[in-house]
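Remarks on the overall topology
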Amino acid sequence: MFAAERRQLILEMVRANGAVSLRELARVVQTSEVTVRRDVRALEAEGLLDRRHGGAVLPGGFTRESGFPQKSHLSTAEKTAIADLAAGLVGEGEAIVVGAGTTTQELARRLARVPGLTVVTNSLLVAQALAHANRVEVVMTGGTLRGSNYALVGSGAEQSLQGLRVSRAFLSGSGLTAERGLSTSNMLSASVDRALVQAAAEVVVLADHTKLGSDTMFQTVPTELITRLVTDEPPLHDERAAAELQSLADQGVEITVAGLDADTSGGDGPPPGRQPRRDMPLPGQRRTQNGGLGPQLRSASALADVPGEQRARVADLRRR
């Protein structure tokens with residue numbers, strides 16, 4: 001494929017999806033990420049798109065929201081790894097809320113085997129993933145159906161969440177920055193997500209590396225309210241993504257990084273309490289003078305020797 005053809009295809013993908021990772025672009029145009037990065041840089045110089053951490057977005061600073069069909073085919077391996085790891089945070093008999101999104105849908109598929117679990121959600125896709133789980137109780141909010149992401153929104157959804165209290169909220173969004181927190185492109189979705197946050201003692205954000213540094217129109221969760229971020233391993237060259245992770249950690253967010261060697265069977269990943277193992281160093285990892293890992297970050301390979309109920313804590317960037 002000639003450079004002009006590659007760049008035209010890249011433009012079409014970005015215009016169709018709003019945001020696309022370099023990994024996905026390289027896969028579709030069948031070339032290396034180095035070549036794709038060069039193409040993206042050239043298209044940015046022409047004002048046709050904007051570069052972001054590990055990807056490209058529509059020009060103008062704020063990414064628009066993609067529809068569900070487009071989102072479901074983006075960063076699938078990353079979403080699977082994140083869902084596998086996040087499922088290990090949920091224990092037997094818990095009550096949680098799960099927001100709308102393709103990553104939270106992947107999480108729901110893995111929660112079907114957690115006995116005694118209660119899941120409150122405004123997502124039809126999350127509810128569908130748990131519909132046949134005999135040991136899981138699913139509670140749907142009210143509201144008006146938003147067809148682009150199969151979520152219930154509006155005053156009915158928000159009112160049904162009043163007075164609710166659960167242990168954790170699992171949310172995804174369109175963008176995440178240390179300065180502004182989690183954000184989305186739709187006002188109604190943002191309002192319901194804020195109501196979900198108010199119902200939870202802890203907030204866990206599920207976001208792949210392409211969303212790091214992206215800022216969208218409506219803030220849903222300010223950084224100070226995010227307890228934990230579960231994300232995937234950014235590309236080695238993506239220093240800005242590593243810097244964003246460090247900034248989030250500096251503000252007290254616990255960061256858990258999932259390796260892409262996690263199970264991709266769509267629901268048969270590690271059981272609750274067991275995290276996918278990864279042997280690569282975490283992005284932005286600090287090292288001591290003797291070359292060992294510093295106290296703030298620890299490799300998730302250490303999980304092999306830690307009891308299951310503690311593993312989710314071991315691979316984190318600790319609060320300072």
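Residues numbered from 1 in each chain as written. Predicted model: local features only at pLDDT ≥ 70, side-chain atom pairs only at ≥ 80, totals over all residues. Heavy atoms only, no water.

Describing the sheet that holds strand S2 (residues 50-52)
Strand order in this open sheet of three strands is S1-S3-S2, and the pairing throughout is antiparallel. Each edge of the open sheet carries a strand with a single partner, namely strand S1 (19-21) and S2. Neighbour-to-neighbour, the strand axes of this sheet turn through a mean angle of 25°, independent of strand direction. Where S2 lies against strand S3 (residues 55-57), three bridges are found, and the strand directions are antiparallel. From the neighbouring strand, arginine 52 faces S3, where its bridge partner is glycine 55. In the packing of helix H2 (residues 22-29) onto the sheet, contacts are made with S1 and S3, and the angle to S1 comes to roughly 75°. (Pairing = 2+ DSSP bridges. Helix = DSSP H or I, 4+ residues; strand = E, 2+ residues; numbered from the N terminus. Axes fitted to C-alpha atoms, helices over the stretch in contact; angles between N-to-C directions. Contact = heavy atoms within 4.5 Å.)

Brief notes about the nonpolar core
Leu176, Val205, Leu229, Leu248 and Ile255 are the most contacted members of the largest nonpolar core, which has 30 residues in total. Secondary-structure elements contributing two or more residues to this core are strand S9 (166-171), helix H9 (187-198), strand S12 (200-206), helix H10 (239-250) and strand S15 (254-258). Not counting residues within four places of it along the chain, the set of residues in contact with valine 205 comprises Leu171, Leu176, Leu182, Ile226, Arg228, Leu229 and Val230. With 25 residues, the next largest nonpolar core counts Ala81, Leu85, Ala108 and Phe170 among its residues. (Core = buried A, V, L, I, M, F, W, Y, C linked by side-chain atoms within 4.5 Å. Buried < 20%, exposed > 50% of the residue type's maximum accessible area, 1.4 Å probe, protein only.)

Notes on helix H5 (residues 76-87)
Every α-helical turn comprises 3.6 residues, leaving residues that sit three or four positions apart pointing alike. With twelve residues, H5 extends 16 Å between its outermost C-alpha atoms, agreeing within 8% with the 16 Å of an ideal straight helix rising 1.5 Å per residue. With ten of twelve residues buried, H5 lies mostly within the body of the structure. Where H5 is concerned, the buried positions are Glu78, Lys79, Thr80, Ala81, Ile82, Ala83, Asp84, Leu85, Ala86 and Ala87. (Expected span 1.5 Å × (residues − 1).)

Considering the packing of H5 against helix H6 (residues 102-111)
Look at H5 against H6: their axes get within 8 Å of each other, and the N-to-C directions meet at 50°. Our classification of the angle between H5 and H6 gives oblique. Note on packing geometry: the crossing formed by H5 with H6 is right-handed. Residues Lys79, Thr80, Ile82, Ala83, Asp84, Ala86 and Ala87 of H5 pack against Thr102, Thr103, Glu106, Leu107, Arg110 and Leu111 of H6. Here the contact of H5 with H6 is built from residues that sort into six nonpolar, three polar and four charged. (Parallel < 35°, antiparallel > 145°, perpendicular 65-115°, else oblique. Left-handed = near helix turned anticlockwise from the far one by under 90°. Nonpolar A, V, L, I, M, F, W, Y, C, P; charged D, E, K, R; others polar.)

Quick look at the sheet that holds strand S10 (residues 175-177)
Read across the open sheet, the three strands follow the order S10-S11-S13; overall the sheet is antiparallel. The strands lining the two open edges of the sheet, one partner per strand, are S10 and strand S13 (218-221). Between one strand and the next, the sheet's axes are offset by a mean angle of 35°, whatever the strand orientation. Taken together, the three bridges between S10 and strand S11 (residues 181-184) define a ladder with antiparallel strand orientation. Residue glycine 175 lies in a different strand from S11, and its bridge partner there is serine 183. Lying on the sheet, H9 is in contact with S11 and S13; it crosses S13 at an angle near 20°.

Here's the deal with the pattern of salt bridges
Here the structure, examined in full by the defined rule, presents 13 salt bridges. One salt bridge connects glutamate 106 with arginine 109, and the closest N-O pair in it is separated by 2.4 Å. Separated by three residues within a single helix, glutamate 106 and arginine 109 lie in helix H6, roughly one turn from each other. For arginine 109, a relative accessible area of 32% corresponds to the partly exposed category. Two residues, arginine 228 and glutamate 254, come together in a salt bridge whose shortest N-O distance is 3.4 Å. Of the two residues, arginine 228 sits in strand S14 (residues 228-232) while glutamate 254 sits in strand S15, which places them 26 residues apart along the sequence. Each member of the pair, arginine 228 as well as glutamate 254, is classed as buried. (Salt bridge = Lys/Arg side-chain N within 4 Å of Asp/Glu carboxyl O.)

Some remarks on a nonpolar patch on the surface
There is a patch of nonpolar side chains on the surface, built from Leu124, Met140, Leu145 and Tyr150 and spanning about 330 Å² of accessible area. Tracing the chain through its elements places methionine 140 in strand S6 (residues 136-140). (Patch = residues over 30% accessible without salt bridge, like charges linked within 9 Å, V, L, I, M, F, W, Y side chains within 5 Å. Areas by Shrake-Rupley, 256 points an atom, 1.4 Å probe, with all protein chains shown as cover.)

Some details on the confidence of the model for the chain
Close reading of the predicted structure is inappropriate where its pLDDT is low. Confidence along the chain averages 78 in pLDDT terms, with 74% of residues attaining 70 or more. Mean pLDDT across the secondary structure elements of the chain bottoms out at helix H11 (residues 311-314), with 40, and peaks at strand S4 (residues 95-98), with 98. The low-confidence segment residues 66-75 (pLDDT under 50) makes 26 contacts with residues lying over four places distant or belonging to another chain. (pLDDT = per-residue confidence, 0-100.)

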